[in-house]
Amino acid sequence: MQVTLIAAMSADGKIAEEKDQVSLDWTSKEDTGFFVKKTKEIGVVIMGRNTYETIGRPLKDRLNVIMTRDLDGRESEPGVLEWTSDSPVEIIESLAKRGYDKVALCGGASVYSAFLQQGLVDDLYLTVEPVLFGKGIPLASGFDRIDLDLIDSVLLGEQSVLMHYRVKK
Ligand SMILES: NC(=O)c1ccc[n+]([C@@H]2O[C@H](COP(=O)([O-])OP(=O)(O)OC[C@H]3O[C@@H](n4cnc5c(N)ncnc54)[C@H](OP(=O)(O)O)[C@@H]3O)[C@@H](O)[C@H]2O)c1
């Protein structure tokens, strides 16, 4: 299974100023375009409940897997929306059994952290946007150092830089 972490960050390494912030409020339209194209290509997005609630609906044309520790009242819709309290390893195993071979990790910080802590991430797309928050939610934490290889970097529009890294195994 290829696990690809996708995130937009401020230039001081934050993915949001506040917990319930909608990313579209501060990220570039070019980054949104990249996000939509790449996640549709991958076909499966995994995200935490908080991030899902900031979006408010399943992302179209992708299987949305939403992590929560409380499944009470959560309704899944086959092929569209799956609520799960499984661990990252169990989620990957369950998707692999069903024939999926790629997933996009779409945040937030607690989901990025959980997968990085388990050594499950293969590559990362990080877009750096031209802003410093001076506060907010860091990309991820709680794991030992992870070395990366830079595969590619491109300018998105005139102001944003997209970097593609591979995790050194
Ligand atoms: N810049 C970006 O690219 C980007 C991307 C995504 C999100 N964000 C931002 O990040 C912020 C949200 O991040 P966040 O860290 O607060 O929240 P989050 O990761 O989106 O969601 C956290 C919730 O997910 C569930 N969860 C997380 N880890 C779990 C695990 N191991 N097992 C089961 N359930 C688990 C829990 O839900 P329950 O409480 O229901 O148990 C937890 O409260 C928002 O502001 C959003 O805009 C930014």
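First, a word on what this report is: a plain description of the structure on this page. Everything numeric here is computed off the predicted structure, so don't read it as measured data. (Residues numbered from 1 in each chain as written. Predicted model: local features only at pLDDT ≥ 70, side-chain atom pairs only at ≥ 80, totals over all residues. Heavy atoms only, no water.)

1. Side note on the overall build of the chain
Consideration 1: Within the chain, the regular secondary structure consists of four helices and ten strands.
Consideration 2: When the helices and strands of the chain are read in sequence order from the N terminus, they spell out β-β-α-β-α-β-β-α-β-α-β-β-β-β.
Consideration 3: Computed over its C-alpha atoms, the radius of gyration of the chain comes to 15 Å, within 12% of the 15 Å expected for a compact globule of 169 residues.
Consideration 4: Structurally, the chain occupies a C-alpha span of about 40 × 35 × 30 Å along its principal axes.
Consideration 5: For the chain, the proportion of its 169 residues judged to be buried stands at 44%.
Consideration 6: Computing the positive centroid from 20 side-chain charges and the negative centroid from 27, the chain places the two 2 Å apart. (Helix = DSSP H or I, 4+ residues; strand = E, 2+ residues; numbered from the N terminus. Rg over C-alpha atoms; globule rule 2.2 N^0.38 Å. Buried < 20%, exposed > 50% of the residue type's maximum accessible area, 1.4 Å probe, protein only. Lys, Arg positive; Asp, Glu negative; His and termini not counted. Charge placed at Lys NZ, Arg CZ, Asp CG, Glu CD.)

2. With respect to the side chain of E129
Consideration 1: Here E129 shows up in strand β7 (residues 123–129).
Consideration 2: No salt bridge is formed by the buried E129; its nearest oppositely charged neighbour, K29, is found at 11 Å.
Consideration 3: If near-sequence neighbours (up to four positions away) are discounted, E129 is found in contact with M9, S10, A11, W26, T27, S28, D31 and S160. (Salt bridge = Lys/Arg side-chain N within 4 Å of Asp/Glu carboxyl O. Contact = heavy atoms within 4.5 Å.)

3. With respect to the nonpolar core
Consideration 1: Within the largest apolar cluster, 29 residues are counted, with the highest numbers of intra-cluster contacts made by L5, I46, L105, F115, V121 and L139.
Consideration 2: Elements with a minimum of two residues in this core: β1 (2–10), β3 (44–48), β4 (63–67), α3 (88–97), β6 (102–105), α4 (109–117), β7 and β10 (160–167).
Consideration 3: With five residues, α4 is the largest single contributor of residues to this core.
Consideration 4: Once you skip the residues sitting within four places of it in the chain, V121 turns out to touch V3, L5, L105, F115, L116, V167 and K169.
Consideration 5: In terms of nonpolar packing, the next biggest core, distinct from the first, is built from 15 residues, I6, F34, A104 and C106 among them. (Core = buried A, V, L, I, M, F, W, Y, C linked by side-chain atoms within 4.5 Å.)

4. Quick word on unusual backbone geometry
Consideration 1: A cis amide bond, omega 0 degrees, links G107 with the succeeding residue G108.
Consideration 2: As for its placement among the helices and strands, G108 is situated in the loop between β6 and α4.

5. Some thoughts on the environment of L59
Consideration 1: Examined against the element boundaries, L59 turns out to sit in the loop between α2 (49–55) and β4.
Consideration 2: Under the relative-accessibility criterion, L59 is labelled buried at 10%.
Consideration 3: Put simply, L59 and S113 are 54 residues apart on the chain and 22 Å apart in space, counted from C-alpha to C-alpha.
Consideration 4: Discounting residues that sit within four places of it in the chain, L59 has contacts with F35, V45, M47 and N64.

6. Focus: the pairing of strand β9 (residues 148–156)
Consideration 1: Strand direction decides the pairing type here: β9 and β10, joined by eight bridges, are antiparallel. Paired with S153 across the bridge in β10 is M163.
Consideration 2: In textbook terms, the turn of a hairpin is the stretch between consecutive antiparallel strands, and for β9 and β10 this stretch comprises three residues, one of which, G157, has a positive phi near 65 degrees. (Pairing = 2+ DSSP bridges.)

7. Here we look at the sheet that holds β3
Consideration 1: With mixed pairing, the eight strands of this open sheet are ordered in space as β5-β4-β3-β6-β1-β7-β10-β9. The sheet is open, and its two borders are formed by β5 (81–84) and β9, each paired with just one other strand. Between one strand axis and the next, the sheet turns through 20 degrees on average, direction left out of account.
Consideration 2: Pairing of β7 with β10, which is carried by six bridges, proceeds in the antiparallel orientation. Counterpart to L126 in the pairing with β10 is M163.
Consideration 3: Running at roughly 135 degrees to β1, α4 makes contact with β1, β3, β4 and β6 of the sheet. (Axes fitted to C-alpha atoms, helices over the stretch in contact; angles between N-to-C directions.)

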